[in-house]
Amino acid sequence: MHDITLVSCNYNTPEQIKTLLKSWAFHNHDVSRECLIMEHSSNEETIPFYVENSIPYIRNKGSVHYRGVEAALHLVNTRYMLLVDSDVVFNKSIKSVIDGYIADSINLAGLVEGDRGGYYLYRRIHPWYCFIDVEFIRNHSIRFADMNRVRGTRSEGF
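Residues numbered from 1 in each chain as written. Predicted model: local features only at pLDDT ≥ 70, side-chain atom pairs only at ≥ 80, totals over all residues. Heavy atoms only, no water.

Peer 1: Report on the sheet that holds strand E4 (residues 80–84), specifying residues and quantitative values.
Peer 2: Pairing within the open sheet is mixed, and its six strands lie in the order E3-E2-E1-E4-E8-E5. Only two strands of the sheet have a single neighbouring strand rather than two, namely strand E3 (57–59) and strand E5 (108–109). Looking at chain direction, E4 and strand E8 (residues 129–133) are connected through five bridges and run antiparallel. By the bridge assignment, Met81 is partnered in E8 with Ile132. Relative to the sheet, helix H1 (residues 14–27) contacts strand E1 (4–10), strand E2 (34–39) and E4, its axis offset from that of E1 by approximately 165°. Against the sheet, helix H3 (residues 65–75) touches E1, E2, E3, E4 and E8, its axis set at about 145° to E2. (Pairing = 2+ DSSP bridges. Helix = DSSP H or I, 4+ residues; strand = E, 2+ residues; numbered from the N terminus. Contact = heavy atoms within 4.5 Å. Axes fitted to C-alpha atoms, helices over the stretch in contact; angles between N-to-C directions.)

Peer 1: Quick rundown of the nonpolar core? Include the residues and the values.
Peer 2: Judged by nonpolar contacts, the single largest core of 24 residues is most densely connected at Leu6, Leu21, Tyr50, Leu82, Val84, Phe90 and Phe131. Taken together, the elements giving at least two residues each to this core come down to E1, H1, E2, helix H2 (47–52), E4, helix H4 (95–103) and E8. Contacts of Val84, omitting those with residues within four sequence positions, involve Leu6, Val7, Ser8, Cys9, Leu20, Phe90, Pro127, Trp128 and Tyr129. Counting residues in each nonpolar core, the second largest holds 14 residues, with Cys9, Leu83, Ile132 and Val134 among its members. (Core = buried A, V, L, I, M, F, W, Y, C linked by side-chain atoms within 4.5 Å. Buried < 20%, exposed > 50% of the residue type's maximum accessible area, 1.4 Å probe, protein only.)

Peer 1: I'd love a proper account of the pattern of salt bridges, names of residues and values included.
Peer 2: By the definition in use, this model includes five salt bridges. A salt bridge links Asp99 to Lys95; the shortest N-O distance between them is 3.1 Å. With a gap of four residues between them, Asp99 and Lys95 both fall in helix H4, about one helical turn apart. Taken together, the salt bridges that share partners define one network made up of Arg79, Asp133 and Glu135. (Salt bridge = Lys/Arg side-chain N within 4 Å of Asp/Glu carboxyl O.)

Shown next as structure tokens:
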């Protein structure tokens, strides 16, 4: 088991978040049992599922993704965090991947992307699957999103 929490921000995707959590539990029981859902949905559809299955969640109705991630970075009690979109489905264990990140002292890992959908965007690590060394991020006062800097790129709408 690793000192890692699975985190996802959910917004009106009840079936997807259920599939994510079930696939995580089935394929990654040897990685971690810790999870935290930042629940931003405009309805209460997923809440009974969380309660029935003792899944930790923070209710922030209508909140935006980056604020949920910022909050999660302060709330998790583990050294590492795996941030995934609610529609991610695990088809096998990611233990070897996590082992590699930790062994190589990786602080942030994920797919680097840039332009997309006809928009010119600054390159960033896309948060659909993002490994984060929470301790490193906290110790260096790094924020998930600095909206003043984002506004300066004129890409805050994308």
